[in-house]
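As a plain string of letters, each chain reads:
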Amino acid sequence: MLDIAICGGGVGGLCAAIALRSMGHTVTVYEQARQFGRVGADINLTPNAVHALDRLGASEDLRRNAARPTHRISRTWDSGEETSRLPMSEAAEARYGAPQLTVHRADLLGALEALLPGGTLRFGAMVKTVGQDDIGAWAELSDGETIRADVVIGADGIHSPVREAVFGPDHPHFTGLVSWRAVFPREKGGALPDLDAFTKWWGPTADRQIVTFPLTRGEEVFVFATHKQEGWAEEGWTLPGDITELRGHYADFHPHARALLDACETVTRSALHVREPMAHWSQGRITLLGDAAHPMVPFMAQGACMAIEDAVVLARALEGATPGTAAEALTRYEEARIPRTAEIQRSSLANEWLKTQGNADWVYGYQAWATPV
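I will try to describe carefully the structure that is included in this document. Residue positions are given per chain, counted from 1 along the sequence in the order it is written. Given that the model is predicted, a residue must reach a pLDDT of at least 70 before its local features are reported, and side-chain atom pairs must reach 80 or more before they are shown or counted; all residues, however, enter totals for whole chains, interfaces and linings. The basis for every side-chain value is the complete set of heavy atoms in the structure, and neither hydrogens nor water enter the calculation.

Another aspect to go through is helix α10 (residues 326–350). Its 25 residues give α10 an end-to-end C-alpha distance of 36 Å, which sits within 8% of 36 Å, the value for a rise of 1.5 Å per residue. The angle separating two fitted axes, one through the seven residues that finish at a residue and one through the seven that start at it, defines the bend at that residue. By definition, any uninterrupted DSSP run of H or I lasting at least four residues is a helix, any uninterrupted run of E lasting at least two residues is a strand, and each is numbered from the N terminus. At arginine 337, α10 is bent by approximately 35°, the largest bend along its length, and proline proline 339 sits one to four residues beyond. Two residues or fewer past α10, asparagine 351 is found with a positive phi of approximately 55°. Working rule for helices: expected span equals 1.5 Å times residues minus one.

Next comes the structure, spelled out in structure tokens:
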């Protein structure tokens, strides 16, 4: 049995805590926020992630609050022509063993937190740095407290202090793309087609697109859009945006696509940054998962899904591990995960996946619980 410290209480960190506890380990999660609030917007859970969440025991609550997109549809920006249509919902459950679920981030975190006993999750605990010595690993909090553990896991996001402490500072590359996010009540969409589906409007160039899908039992519709912009220095997710400006960027799109933007009242915007895939995630008794290890643009909707897969594979690698074998187990974990996450990072950045009818099985059919480690 190991004593494990997880830095970061997001989706990946909480999933790792649940999975590691199921293997008999003692786990504490250190989260800098004072509490979970209803911040952020959507999380798109494709069948590969839902299958893992089923095994973690989190899916029953999720299904009550989630929407289940009927299809994954691609449309051409000006004509509205369908270039691909992939059945989801019951069809995905039959093919992959789980459906696609689209949920608010707060609902997912709530479902995961409910599976952890009191005391496992420490709010208001910001990890400043980490390290290791001959007897184990440690994490130093911003208030000066030092936490000792057999293993430290950095699940602390794209600006990970754990990654910087272990691998040194890095410099994210601005993709040149700005993203916009908004949510509107379904009734505001009127008679627009396919509001219950995941639909991607592919623009005339790869930088322009509009994606929509249902949220909150189908009662809301989420909108995501991107376009090219020069000279953005900030790397954030929740900066306020101008809805009129957003609509102006897509004034030449199909009337149905423009109507989706007309239904939005408020919007946030952010710059999309990317890092090259890392050669290693682990050093001794410290490792990374999720965005700390492999931040990616959201064009395949796999960011949170990869973090969930990481959590399960990491727990399987550490099954039966002792303090003396933990480093070897972490090496097996990264060797099992880096090829897949690197491929998804690159494919997502290329932004061509399922533009036409193609193979979704290599993404959706992956089952983390069966991964050899």
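Right, let's get into the pattern of salt bridges. Just to be clear on terms, a salt bridge is a Lys or Arg side-chain nitrogen sitting within 4 Å of an Asp or Glu carboxyl oxygen. Enumeration according to the criterion identifies 22 salt bridges in this entry. With a shortest N-O distance of 3.6 Å, arginine 64 and glutamate 60 are connected by a salt bridge. With a gap of 4 residues between them, arginine 64 and glutamate 60 both fall in helix α3 (residues 59–65), about one helical turn apart. Looking at glutamate 60, the relative accessible area reads 58%, which means it is exposed. For aspartate 361, the salt bridge goes to arginine 95, with nearest N and O atoms at 2.7 Å. Of the two residues, aspartate 361 sits in helix α11 (residues 361–364) while arginine 95 sits in helix α4 (residues 90–96), which places them 266 residues apart along the sequence. Burial classes: relative accessible area under 20% of the type maximum marks a residue as buried, over 50% as exposed, and values in between as partly exposed (1.4 Å probe, protein chains only). A residue is classified by how much of its surface remains accessible, and aspartate 361, at 29% relative accessible area, is partly exposed. Salt bridges linked by common partners bring Asp54, Arg63, Arg68 and Glu93 together as one network.

Within the secondary structure, arginine 208 sits in the loop between β13 (198–202) and β14 (209–215). The buried category is assigned to arginine 208, whose relative accessible area is 15%. Within the structure, arginine 208 has its side chain in polar contact with the backbone oxygen of histidine 249 (distance 2.7 Å). Polar side-chain contacts of arginine 208 include one of 2.7 Å to the side chain of aspartate 252. We call two residues in contact whenever any of their non-hydrogen atoms come within 4.5 Å of each other. Discounting residues that sit within four places of it in the chain, arginine 208 has contacts with Trp201, Trp202, Gly203, Thr226, His227, His249, Tyr250, Asp252 and Phe253. As used in this structure description, the phrase polar contact means that two N or O atoms lie within 3.5 Å; if the pair is within protein, one of them must be able to donate a hydrogen and the other to accept it, and residues adjacent in sequence are counted only when both atoms belong to side chains.

With that out of the way, let us pick up the pairing of β13. Judged by how many residues are buried, β13 sits mostly within the fold: 5 of 5 residues are covered. Side chains Phe198, Lys200 and Trp202 project from β13 onto one buried face, and the interleaved Thr199 and Trp201 project onto a second face that is buried too. Sheet topology note: the strand β4 (residues 71–76)/β13 ladder contains 5 bridges and is parallel. Each bridged residue has a counterpart across the sheet, and for threonine 76 the counterpart in β13 is tryptophan 202. Each pair of strands is called paired provided DSSP finds at least two bridges between the two strands. Pairing of β13 with β14 involves 4 bridges; the strand directions are antiparallel. Bridging from a neighbouring strand, threonine 199 pairs with threonine 212 of β14. Here β13 folds back onto β14, and the loop between the two strands holds 6 residues.

Time to look at the sheet that holds strand β17 (residues 268–274). Strand order in the open sheet made by the 8 strands is β5-β4-β13-β14-β15-β12-β17-β16, with mixed pairing throughout. Edge positions in the open sheet fall to β5 (82–87) and β16 (239–240), since each of these has one partner strand only.

This part takes up the packing of helix α1 (residues 11–22) against helix α9 (residues 303–317). Axis geometry follows a simple rule: fit a line to the C-alpha atoms, using only the stretch in contact for helices, then measure angles between N-to-C directions, giving values from 0 to 180 degrees. For the pair α1 and α9, the least separation of the axes is 8 Å and the interaxial angle reads 25°. The orientation of α1 relative to α9 falls into the category roughly parallel. Here α1 runs over α9; the crossing is right-handed. Residues Val11, Gly12, Cys15, Ala16, Ala19 and Leu20 of α1 form the contact with α9, whose own contacting residues are Ala307, Ile308, Ala311 and Ala315. Charged residues are taken to be Asp, Glu, Lys and Arg, nonpolar residues to be Ala, Val, Leu, Ile, Met, Phe, Trp, Tyr, Cys and Pro, and polar residues to be all remaining types, Gly included. Split by residue class, the contact of α1 with α9 holds 9 nonpolar, 1 polar and no charged. Just so you know how the angles are binned, under 35 degrees is roughly parallel, over 145 roughly antiparallel, 65 to 115 roughly perpendicular, and the rest oblique. For any helix crossing, the convention is left-handed if the near helix is rotated counterclockwise from the far helix by under a right angle, and right-handed if that rotation is clockwise.

In the case of a regular strand, side chains alternate between the two sheet surfaces. Judged from the 5 bridges that link them, β4 and β5 form a sheet pairing that is antiparallel. Within β5, the residue paired with arginine 75 across the bridge is glutamate 82. Hairpin connection of β4 to β5: 5 residues between the antiparallel strands, including glycine 80 at a positive phi of 80°.

As a rule of thumb, nonpolar side chains are buried together in soluble globular proteins. Nine residue types can take part in a nonpolar core, namely buried Ala, Val, Leu, Ile, Met, Phe, Trp, Tyr and Cys, and a core is a set of them joined through side-chain atoms within 4.5 Å. One finds Ile6, Leu45 and Leu53 to be the most contacted residues of the largest nonpolar core, which totals 75 residues. With residues up to four places along the chain from it excluded, the contact list for leucine 45 reads Val50, Leu53, Leu62, Pro99, Gln100, Leu101, Val103, Leu108, Cys305 and Ile308.

Attention now goes to the packing of aromatic side chains. The description of two aromatic rings rests on the distance between their centres and on the angle between their planes. Classification of ring pairs uses Phe, Tyr and Trp, with its six-membered ring standing for Trp, and accepts pairs whose centres are within 6.5 Å; under 30 degrees between planes counts as stacked, over 60 as edge-to-face, and the remaining range as tilted. Applying the stated criterion across every chain yields a total of 10 aromatic pairs. Here tryptophan 77 and phenylalanine 253 contribute two aromatic rings whose centre-to-centre distance is 5.7 Å and whose plane-to-plane angle is 55°, an arrangement assigned as tilted. Of this pair, tryptophan 77 sits in the loop between β4 and β5 while phenylalanine 253 sits in the loop between α7 (243–249) and α8 (255–262), and the two are 176 residues apart along the sequence. Side by side, tryptophan 77 and phenylalanine 253 carry an identical accessibility label, which is buried. Site record: aromatic cluster; members linked through ring pairs are Tyr96, Trp353, Trp362 and Tyr364. In this structure, lysine 200 packs its charged tip against the face of tryptophan 202, placed 4.0 Å from the ring centre. Placement of a positive charge over a ring is assigned whenever Lys NZ or Arg CZ falls within 6 Å of the ring centre and within 35 degrees of the normal to the ring plane. Sitting over the ring of tyrosine 366, arginine 340 keeps its end group 3.9 Å from the ring centre.

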